[in-house]
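Next come the chains, spelled out residue by residue.
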Amino acid sequence: MTDMLSFAGRLGSGRSVYARKVAEELNWLYASFPDYIIKQIRAEGLDDSVEVMQEVGKRLIKKRGWRRFCEAVLEDGGWSPGEPCVVDGIRHLEALETIRSLNEYSL
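Here's a quick rundown of the structure. Just so it is clear, the structure is predicted and the values come from calculations on it, not from any experiment.

With respect to topology, three strands assemble into an open sheet ordered β1-β3-β2, the strand pairing being parallel. Edge positions in the sheet fall to β1 (4-7) and β2 (29-32), since each of these pairs with one other strand and no more. This sheet shows a mean twist of 20 degrees between the axes of neighbouring strands, independent of strand direction. Across the sheet, helix α2 (residues 33-43) is in contact with β2 and β3 (85-88); its angle to β2 comes to roughly 60 degrees.

Okay, structure coming up:
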């Protein structure tokens, strides 16, 4: 199994700043659920409010399923199997379990 750290926290808690700093200090890749969703929102020309982010996230999960959604977030961060990564913004147990399975599959 590759090294992977996951960060979760409330909006405005400093989670993303901390996760980025840890990734930088460890010289690991950084993948972010919020960053990925914001890119999708901007590509659609939508407002990046919290409410819109939540709705777009739900829609992406419904359309792609957890596995493909999580793969897209990791790929957006430049991750490929075997590389250490800090993952920011995990809000659902399903996302954590999927990230773990993708990481274990990378052996």
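Counting residues in hydrophobic clusters, the biggest one holds 23 residues, and the most contacted among them are F33, F69, L74, C85, V87 and I99. In terms of residue count, the dominant contributor to this core is helix α3 (residues 50-76) (nine residues). With residues near it in sequence (within four places) discarded, F69 still touches F33, Y36, I37, L60, I61 and R64. With six residues, the next largest nonpolar core counts F7, A23, Y30 and V86 among its residues.

This next bit is on α2. Buried residues of α2: F33, P34, Y36, I37, I38 and I41, and no others. The opening residue of α2 is S32, an N-cap whose side-chain oxygen sits 3.0 Å from the backbone nitrogen of D35. With its phi angle positive at about 75 degrees, G45 sits one or two positions after the end of α2.

Each value, and the rule that gives it
Residues numbered from 1 in each chain as written. Predicted model: local features only at pLDDT ≥ 70, side-chain atom pairs only at ≥ 80, totals over all residues. Heavy atoms only, no water. Pairing = 2+ DSSP bridges. Helix = DSSP H or I, 4+ residues; strand = E, 2+ residues; numbered from the N terminus. Axes fitted to C-alpha atoms, helices over the stretch in contact; angles between N-to-C directions. Contact = heavy atoms within 4.5 Å. Core = buried A, V, L, I, M, F, W, Y, C linked by side-chain atoms within 4.5 Å. Buried < 20%, exposed > 50% of the residue type's maximum accessible area, 1.4 Å probe, protein only. Polar contact = N/O pair within 3.5 Å; in protein donor to acceptor, adjacent residues only side chain to side chain.

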